[in-house]
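So the chains spell out like this:
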Amino acid sequence: MTGGQRKKISAEGALLALILLAGCLVRLAALDRNPLGLHQDEAYSAYNAWSVMRYGIDSYGYTRPVYYTVWGSGMSVLYSWLEMPFLALLGTTVWAIRLPQAVLGCLSIPAVYGLGKEMGGRHQGLLFAGFLAINPWHIQQSRFGLDANLAVPMFLFSMYFLCRYLNGKRRSVWGAVFFAGLTLYSYALTWILVPAVLLLCLIFFRRRICFDRRLLGAALLLFAMAVPLLLFLAVNFGWIPEIRTGIFSVPRLPAIRTDEMVFSLSALKSRFLWLTAMLFAQHDDMWWISNETVGSYYYISPPFILAGFLYHVRVMIDRVRNKKALPLHFLIAIWFAVAFALGCCVDLAKYHKVNYIHIPIILYGVLGLTCVLKLLRRFRWKQAAAAGMWAAAGVYLVSFCCYLYSQASFGLHYEHYGNSPLSHMHWYRYEEAIERAEALTEGDIGIYGLNYVNLMLYKEMPPYTYMEQAVYSGDLAFRRVQSIGRYYFDEMPEDRAENMVFVYPYLMEETFREAGYVTEHVTECYGVAYR
């Protein structure tokens, strides 16, 4: 290796380190305050992690279930298992709940660098890493401890190892199937995504695949990892009874959300239009996952994304016509095609529901940008290509700075607390109000504007207490808890309401005053009312 090559590699390593440092800072800084408050899905995943860690059972009494029951229609288990060491070290804090996702979001940057390096060399790897490091959607989903968000890094890791395998590094097949297996335990829709992508790779990249004992062993490993979930499906479709053992459980849920997946032509058309419109808009109504200010991929990206997509269409037509093998970066097209088709089957798709589609869209932006620059060079417009490269870098840097400023100055509206889209916060500062209510009475406490699982996590309520005292109502898929022991939520019993102490968000303060209650401000979000 010459001195010039060493300097080039050293410069690339320094640039990757800088990208990684910037990516880690924006994913870890003030993790407990942005997004502000604790979402109920984060709270339930953490509660089950704490419950299984301490009692060996979840909130419904299942011993280490392969799928949680939670609201009634289930939740994937992998994220809560990753939370356990953090909860053991840091307690049931927001930091502990969100750190696993944030750390995996940081690790996704070197993973996508490796993916790009396997597909097209170090320069492409750096571009992949740079675009992902500053991407608003990826930053925000890395800061939110939702179980389904875990599908993003797990499937990315699987695709990285798969690329290594397709490039002749045969031992990497174990990493590909291991992370593919873990992906299945992060989000139910990946039960379709993972096998579909792997099957299409088997078809389109068959010339790169070595059909030997190692591949057979890897396939058997993936099947073995999927067996508990296959049993779960068999139980919930009524083919076999639920399984309870002292080691693990396969629960029967009160309801499964199969009605969200529809395959009729009329439904597919409307959902295709919905998904396409959402992706072009680059945001939905969930401010903590998507970004309306600068766009989830940045509003300057659509031309590059479209160019990358058209490039792959051309590659596909050219290689099929000439009977040539497809380049390895066509894996992005397979990933996107399966993800988009799956997204068209989901009712009212949101950014978090189709989280598996965003990585290939971001990478299409990189491919499109490089295609435009190569096209300029082909026409011998080298100066224009160089200027275009620096202009694109400058515009993306300015967009990233605008994104950081928008996040730092993100408006919080306490007057709308309880309405997350308007207040820009989840459940926040309720702990002191609950403590104050408990100090005022040994009787019943009515709680408005707070999800019951946030109370369970804060009080570290034993799962046995919840199972014995919870009173349910509403849809089986999203069961609503009316009360747990002395705590009543939103709907109060008429025969007891007169003597209860209430915890309420300030939107309701005038209602209590008009009813003759004494109101007391406890935090910036909650007060207590009593007679």
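Scroll up for the structure.
Calculation rules
Residues numbered from 1 in each chain as written. Predicted model: local features only at pLDDT ≥ 70, side-chain atom pairs only at ≥ 80, totals over all residues. Heavy atoms only, no water. Helix = DSSP H or I, 4+ residues; strand = E, 2+ residues; numbered from the N terminus. Rg over C-alpha atoms; globule rule 2.2 N^0.38 Å. Buried < 20%, exposed > 50% of the residue type's maximum accessible area, 1.4 Å probe, protein only. Contact = heavy atoms within 4.5 Å. Areas by Shrake-Rupley, 256 points an atom, 1.4 Å probe, with all protein chains shown as cover. Lys, Arg positive; Asp, Glu negative; His and termini not counted. Charge placed at Lys NZ, Arg CZ, Asp CG, Glu CD. Patch = residues over 30% accessible without salt bridge, like charges linked within 9 Å, V, L, I, M, F, W, Y side chains within 5 Å. Salt bridge = Lys/Arg side-chain N within 4 Å of Asp/Glu carboxyl O. Phe/Tyr/Trp six-rings, centres within 6.5 Å; stacked < 30°, edge-to-face > 60°. Lys NZ or Arg CZ within 6 Å of the ring centre and 35° of its normal. 1 Å grid on protein atoms, 1.4 Å probe; cavity = no way out; pocket = protein on both sides within 12 Å on 5 of 7 lines; lining within 4 Å. Points joined across faces, edges and corners; volume = space filled by probe spheres on them. Nonpolar A, V, L, I, M, F, W, Y, C, P; charged D, E, K, R; others polar. Disulfide = S-S within 2.5 Å. Core = buried A, V, L, I, M, F, W, Y, C linked by side-chain atoms within 4.5 Å. Expected span 1.5 Å × (residues − 1). Arc of directions from axis to C-beta. Pairing = 2+ DSSP bridges. Axes fitted to C-alpha atoms, helices over the stretch in contact; angles between N-to-C directions.

The helix and strand tally for the protein chain stands at 20 helices and nine strands. Computed over C-alpha atoms, the radius of gyration of the protein chain comes to 25 Å, within 12% of the 24 Å expected from 2.2 N^0.38 for 531 residues, which places it in the range of a compact globule. Counting only C-alpha atoms, the protein chain reaches 80 × 55 × 50 Å along its principal axes. Going through the 531 residues of the protein chain one by one, you find that 53% of them count as buried. A fraction of 69% describes how many contacts in the protein chain between residues 6 or more apart in sequence connect residues 24 or more apart. Of the roughly 23,800 Å² of accessible surface on the protein chain, 64% is carried by carbon and sulfur atoms. Side chains of the protein chain give 46 positive and 37 negative charges; the mean places of these two sets differ by 24 Å.

A surface patch of nonpolar side chains, about 460 Å² in accessible area, is lined by Leu199, Leu202, Ile203, Phe204 and Phe211. Among the structural elements, Phe204 can be located in helix α9 (residues 190–204).

Right, let's talk about the packing of aromatic side chains for a bit. Applying the stated criterion across every chain, the model contains 42 aromatic pairs. Taking the centre distance of 5.8 Å and the plane angle of 85° together, the rings of Tyr55 and Tyr464 count as edge-to-face. Remark: Tyr464 occurs in helix α19 (residues 463–469) and Tyr55 occurs in helix α2 (residues 40–55); sequence separation between them is 409 residues. Judged by centre distance (5.4 Å) and plane angle (75°), the ring pair of Phe178 and Phe179 falls under edge-to-face. Residue class for Phe178 comes out partly exposed when judged on its relative accessible area of 38%. Among the aromatic side chains, those forming a connected cluster through ring pairs are Tyr44, Tyr60, Trp71, Tyr452, Tyr466, Tyr472 and Phe489. In this structure, Arg479 packs its charged tip against the face of Tyr472, placed 4.1 Å from the ring centre.

This part is about the layout of surface pockets. The volume enclosed by the largest pocket comes to roughly 1,600 Å³. As for the largest pocket, its lining consists of 44 residues, of which His123, Leu127, Phe131, Leu369 and Thr370 are closest to the centre. Mapped by element, the contributors of at least two residues to the lining of the largest pocket are α1 (3–28), α4 (94–120), α5 (122–133), α12 (302–321), α14 (358–378) and α15 (382–408). Ranked by residue count, the leading element in the lining of the largest pocket is α14, at 10 residues. Classifying every residue of the lining of the largest pocket by side-chain character gives 29 nonpolar, seven polar and eight charged. In this structure, the second largest pocket occupies an estimated 1,400 Å³ of space. Lining the second largest pocket are 47 residues, with Ser73, Gly74, Arg257, Glu260 and Phe478 sitting closest to its centre.

Below, the discussion takes up the state of the cysteines. Tallied over the full model, the rule gives zero disulfides. Here Cys24 is not disulfide-linked; the sulfur of Cys106 is the nearest cysteine sulfur, at 3.6 Å.

Below, the discussion takes up the nonpolar core. Within soluble globular proteins, side chains that are nonpolar generally end up buried alongside one another. Grouped together as the largest cluster of nonpolar side chains are 154 residues, with contacts concentrated most on Tyr44, Tyr356, Tyr452 and Tyr466. Top element by residues in this core is helix α7 (residues 151–166). It accounts for 11 residues. Look past the residues within four positions of Tyr452 in its chain and what remains in contact with it is Tyr44, Trp71, Tyr466, Arg479, Val481, Ile484 and Phe489. With 10 residues, the next largest nonpolar core counts Tyr448, Tyr488, Phe502 and Tyr517 among its residues.

This part is about α9. Between its first and last C-alpha, α9 extends 20 Å over 15 residues, near the 21 Å set by a 1.5 Å rise per residue. Listed as buried for α9 are Thr190, Leu193, Val194, Val197 and Cys201. Along the axis of α9, the buried residues cluster in a sector spanning 95°; they form a single face.

The next point concerns empty space enclosed by the protein. Within this structure, the stated rule accounts for one cavity of 30 Å³ or more. Approximately 80 Å³ is the volume attributed to the largest cavity. What lines the largest cavity is Phe131, Ile134, Asn135, Tyr297, Tyr298, Ser301, Ile305, Ile361, Ile362, Gly365 and Tyr396. A total of three residues in the lining of the largest cavity trace back to one element, the largest contributor, which is α14. Looking at the lining of the largest cavity residue by residue, the class counts come to eight nonpolar, three polar and no charged.

Any two side chains of opposite charge can pair, on the condition that their charged atoms come close. The final tally for this structure, using the stated rule, is 14 salt bridges. Of the charged contacts in the structure, one is a salt bridge between Arg122 and Glu12, with a shortest N-O distance of 3.8 Å. Separated by 110 residues along the polypeptide, Arg122 in helix α5 and Glu12 in helix α1 bring together distant segments of the chain. For Glu12, a relative accessible area of 10% translates into the label buried. With its nearest N and O atoms 2.7 Å apart, the salt bridge here joins Arg436 to Glu520. A residue pair is termed long-range when its members are at least 10 positions apart, and Arg436 in helix α17 (residues 431–440) and Glu520 in strand β8 (residues 518–521) qualify at 84 residues. Each of Glu118, Arg164 and Lys169 takes part in a single network of salt bridges with overlapping partners.

Now for unusual backbone geometry. With an omega of 0°, the peptide bond between Asn34 and Pro35 qualifies as cis. Relative to the helices and strands, Pro35 resides in the loop between α1 and α2. Despite not being glycine, Arg64 has its phi angle at roughly 40°, a positive value. Counting through the fold element by element, Arg64 comes out in the loop between α2 and α3 (78–90).

A few words on the sheet that holds strand β3 (residues 445–447). Taking strand neighbours across the sheet as the criterion, the seven strands line up as β4-β5-β6-β3-β7-β9-β8 in an open arrangement whose pairing is mixed. The sheet is open, and its two edges are formed by β4 (470–473) and β8, each paired on a single side. Each strand axis lies, on average, 25° off the axis of its neighbour in the sheet, ignoring direction. Pairing of β3 with strand β7 (residues 501–505), which is carried by three bridges, proceeds in the parallel orientation. Along β7, the bridge assignment pairs Gly446 with Phe502. Contacting β3, β6 (487–489), β7, β8 and β9 (526–530), α17 crosses the sheet at an angle of about 15° to β9. Docked against the sheet, helix α18 (residues 452–459) engages β3, β5 (480–484) and β6, running at close to 155° with respect to β6.

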